[in-house]
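Results of the structural survey
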Amino acid sequence: ACALVLLVARPAVAQEWTEYESARDGFQALFLGQPRVTETTWKSQAGFNLPARVYAVERGSDRYSVTVADYSGIEALGKERVKTCPAGAETCLGAPNLSGVGYWKHDTRGASLYAASLLIKRDVKLTEMFWNQFYSISGITLQLTSNVDQARTFAYVVMHEMKLYVVEATVPKGVPEPALFVASFGVLDRDGNELRYQTLYSHEVHGLRESAVPAHAPPLP
């Protein structure tokens, strides 16, 4: 991974990468200019419509984006769904301590995997997919090649504190692979500082507060 970053870093400097921070959605990344922010809706795997934003920059055939879906209101949506459930329908009601009413907990636990599955279902060939972590936050890394024009996409999917982040960089065939954009992504704390944990943070456990959130690591010098 380090080698890939070095390969793309030299030409990237000439293209004026700039550091962008979103205090609202708690992340930072390098973009080729100021991203356009679009309000949208994210439909979760269980069919809940959640508020989302897409931060995107397009330069010719290059596209760089961070999609942020807010799952913080999903429990309330689950409770609302239960009101119209058929009597005794466990698949709708769910188990409060495991799946949550309306299955909101299962939906939240599986958010990263679901987002990754949407990337794979495009007209692409999956070349790499593996568990990864940035700053001790658990996530999924993917590399894809378009079956249409052989464009390369690097992506990282991560869930943190009830927000789903889908980080994507796509470049045409034959140019350096877009590792730098994905590697530049980082989560920010409430004060806007780069967030690192002393031990592994997994949203399936810590995000749902089934275990105490790990302590923050001190900032790098």
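The preceding data block contains the structure.
Computed from a prediction, not measured in an experiment: that's the story for all the values here. (Residues numbered from 1 in each chain as written. Predicted model: local features only at pLDDT ≥ 70, side-chain atom pairs only at ≥ 80, totals over all residues. Heavy atoms only, no water.)

**What to know about the sheet that holds strand S4 (residues 49-59)**
The following threshold applies: In this scheme, strands are said to pair when DSSP sees at least two bridges between them. The secondary structure listing takes helices from DSSP runs of H or I that are at least 4 residues long and strands from runs of E that are at least 2 residues long, numbered from the N terminus. Lines fitted to C-alpha atoms define the axes here, with helix axes fitted over just the stretch in contact, and angles between the N-to-C directions of these axes take values from 0 to 180 degrees.
Taken in spatial order, the 7 strands make up an open sheet running S3-S4-S5-S9-S8-S7-S6, and their pairing is antiparallel. Strands with a single pairing partner mark the edges of an open sheet, and in this sheet they are strand S3 (36-43) and strand S6 (124-134). Averaged over all pairs of adjacent strands, the angle between strand axes in this sheet comes to 20°, irrespective of strand direction. Of the pairings in the sheet, the one linking strand S7 (residues 137-146) to strand S8 (residues 152-160) comprises 7 bridges and is antiparallel in character. Pairing of leucine 142 across the sheet is with alanine 155, part of S8.

**Observations regarding helix H5 (residues 111-120)**
Selection rule: Each residue's exposure class comes from its accessible area (1.4 Å probe, protein chains only) as a fraction of the maximum for that residue type: buried when under 20%, exposed when over 50%, partly exposed otherwise. In this description, contact between two residues means that some pair of their heavy atoms is separated by no more than 4.5 Å.
All buried positions along H5 are accounted for by Ala111, Ser112, Tyr114, Ala115, Ala116 and Leu119. Packing partners of the buried residues in H5 comprise S3, helix H4 (104-109), S6, S7, S8 and strand S9 (163-171).

**Quick word on unusual backbone geometry**
Backbone geometry places tyrosine 135, a non-glycine residue, at a positive phi of 55°. Look at tyrosine 135 and you get partly exposed, because its relative accessible area is 25%. One non-glycine residue, glutamine 150, adopts positive backbone phi at about 65°. The topology assignment puts glutamine 150 in the loop between S7 and S8.

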